[in-house]
Amino acid sequence: MIGLDIGGAHLKAALFDETGTLRDLDQWPCPLWLGLDRLEQAAAAVVARWGKPCHVAATMTGELADLFDDRADGVRRIVATMRSALPTAALSVFAGPRGLVPVDGLPDCAEAVASANWYATALVAAAGGDGILLDVGSTTTDIVPLVGGGPLHAGYSDAERLDSGELVYTGVVRTPVMAVAHTVPYGGGRRALMAELFATMADVHRLNGTLPEDADQHPTADGRDQSVAASARRLLRMVGDDLEPAGLLKARRLAGHLAERQLRQIEDALDQVLSRGSMADTPPLVGAGVGRFLARRLAERRGAAYCDFEAHLPVAPALRERTGWFAPAVSVGWLAFDGAPHKHLCPVAAPVEAASYSRD
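Keep in mind that what you see is a predicted model, and the values were worked out from it rather than measured. (Residues numbered from 1 in each chain as written. Predicted model: local features only at pLDDT ≥ 70, side-chain atom pairs only at ≥ 80, totals over all residues. Heavy atoms only, no water.)

Student: How should the layout of surface pockets be read in this particular structure?
Tutor: A water-sized probe, rolled over the atoms, reveals where empty space remains. There is about 590 Å³ of room inside the largest pocket. Considering the residues around the largest pocket, the lining is formed by 30 residues, among which Gly-7, Gly-8, Thr-61, Thr-139 and Thr-140 are closest to the centre. Every element with two or more residues in the lining of the largest pocket is listed here: β2 (10-16), α4 (117-125), β7 (131-136) and α5 (158-164). Among the elements that make up the lining of the largest pocket, the one with the highest residue count is α4 (3 residues). (1 Å grid on protein atoms, 1.4 Å probe; cavity = no way out; pocket = protein on both sides within 12 Å on 5 of 7 lines; lining within 4 Å. Points joined across faces, edges and corners; volume = space filled by probe spheres on them. Helix = DSSP H or I, 4+ residues; strand = E, 2+ residues; numbered from the N terminus.)

The structure is reproduced here in structure tokens:
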């Protein structure tokens, strides 16, 4: 059985055996805006790695790609592509509160299927106790209160979650630097950033030494390599500067400031969510996603307890880090077993105290 998280930029997959034990994890680039053939290629890579699955449970956010007329069109066409790519597998699709539904029932619940991957993660994370899920991915950040064994969200659709602060369009890889700040301290003054896609937050976090290995699977903004020097060159171009002998230090200083600005975006949204008054002022933070090093840093700053998404899950040590990175794929896979994650989870572990900020 394979759990899939079909994003607009990546296909993330979790392999389970017949007992519900997680066996392997991987992800492949899947730039859906370039065409559904990219999803076909990624699905073929899954089969090449693990063989043909008997059952596939899928959740998605890829329906947002501008390849589609609207979200419902995206859901339908993505599912049709997966049925064609995996014709021998029983395919079910996650529809939030309705759980996993067979694809034949899709016409009645396309709106519930659209961008529901956060809900799957929240259901599994909530088995570890109350807190706030912070899933910081390559493109977006989800902030979900967890209360009484489930999500206590104010919005469900992307539009509602943008309004509530529960969806923040910032991530540690694909987000353009110009989306994080308009001006920055530079050269003793304040300088406007150029409104150009010269650099992304992957360059920022690479310069800071915090970007996990293999997190950045897409071409860079200038099509060049992913070295520290190349990231510095791209980032300095945002302020109209070139990489000179002393430029690396300037670029690192700028990267540190921009990472702080991104963290503040997430913290402001967290404060908005907490302002509803449904939880304590300093609830434990549960970190997921390839950028969860920001969640750890935020917990440390606020004096909050912190635990990783997979802390209470029965996962082999070698898979633990990627389990947290690929939380929706893992979650929808576990939900496919009897529809109840609690049957496959170990007893709840107490959150550990916030650790010092370190490389994820």
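Student: What am I meant to see in helix α2 (residues 71-85) here?
Tutor: Side chains three or four residues apart in an α-helix point the same way, a direct result of the helix having 3.6 residues per turn. In this model α2 runs 21 Å from its N-terminal to its C-terminal C-alpha over 15 residues, within 8% of the 21 Å that 1.5 Å per residue would give. Of all the positions in α2, only Ala-72, Asp-73, Gly-74, Val-75, Ile-78, Val-79, Thr-81 and Met-82 are classed as buried. Buried-residue contacts for α2 involve β1 (2-6), α1 (37-50), β4 (55-60), β5 (90-94) and α3 (110-113). (Expected span 1.5 Å × (residues − 1). Buried < 20%, exposed > 50% of the residue type's maximum accessible area, 1.4 Å probe, protein only. Contact = heavy atoms within 4.5 Å.)

Student: Help me understand α4, please; the structure alone is not making it clear to me.
Tutor: The buried count for α4 comes to 9 of 9 residues, which makes it a mostly enclosed element. Three or more residues of α4 are buried, namely Asn-117, Trp-118, Tyr-119, Ala-120, Thr-121, Ala-122, Leu-123, Val-124 and Ala-125.

Student: What am I meant to see in empty space enclosed by the protein here?
Tutor: All told, the structure shown has 1 cavity of 30 Å³ or more when counted by the stated rule. Of the volumes computed, that of the largest cavity is approximately 90 Å³. Mapped onto the lining of the largest cavity, the elements with two or more residues apiece are β2 and α10 (320-325). Residue composition of the lining of the largest cavity, by class: 4 nonpolar, 3 polar and 3 charged. (Nonpolar A, V, L, I, M, F, W, Y, C, P; charged D, E, K, R; others polar.)

Student: Hey, could you run me through the sheet that holds β5 in this one?
Tutor: Strand order across the open sheet formed by 6 strands is β3-β2-β1-β4-β5-β6, with mixed pairing between neighbours. On the outer flanks of this sheet lie β3 (22-29) and β6 (100-102), each paired with one strand and no other. The average angle at which neighbouring strand axes cross in this sheet is 25°, direction not considered. Relative to β6, β5 is paired through 3 bridges, and the arrangement is antiparallel. Looking across to β6, one finds that Val-93 is bridged to Val-101. Packed on one face of the sheet, α2 meets β1, β4 and β5 and runs near 155° to β5. In this fold helix α11 (residues 327-335) packs onto β1, β2, β3, β4, β5 and β6, with an angle of close to 40° to the strand it touches most, β2. (Pairing = 2+ DSSP bridges. Axes fitted to C-alpha atoms, helices over the stretch in contact; angles between N-to-C directions.)

Student: Explanation requested: the side chain of Glu-310 in the structure shown.
Tutor: Within the fold, Glu-310 resides in the loop between β14 (306-308) and α10. Separated by 2.7 Å, the side chains of Glu-310 and Arg-292 make a polar contact. Look past the residues within four positions of Glu-310 in its chain and what remains in contact with it is Arg-292, Arg-320, Glu-321, Thr-323 and Gly-324. (Polar contact = N/O pair within 3.5 Å; in protein donor to acceptor, adjacent residues only side chain to side chain.)

Student: Explain the pattern of salt bridges here, please?
Tutor: Pairing between side chains becomes possible if they bear opposite charge and their charged atoms approach one another. Applying the stated rule across the entire model yields 25 salt bridges. One salt bridge in this structure joins Asp-142 and Arg-161, with 2.8 Å as the shortest N-O distance. You can see Asp-142 sitting in strand β8 (residues 141-147) and its partner Arg-161 sitting in helix α5, a full 19 residues away along the chain. By relative accessible area, which is 8% here, Asp-142 ends up buried. Notably, a salt bridge pairs Arg-322 with Asp-214, separated by 3.6 Å at the nearest N-O pair. With Arg-322 in helix α10 and Asp-214 in the loop between α6 (201-208) and α7 (228-237), this pair connects stretches of sequence that are 108 residues apart. (Salt bridge = Lys/Arg side-chain N within 4 Å of Asp/Glu carboxyl O.)

Shape descriptors only; they carry no functional weight alone.
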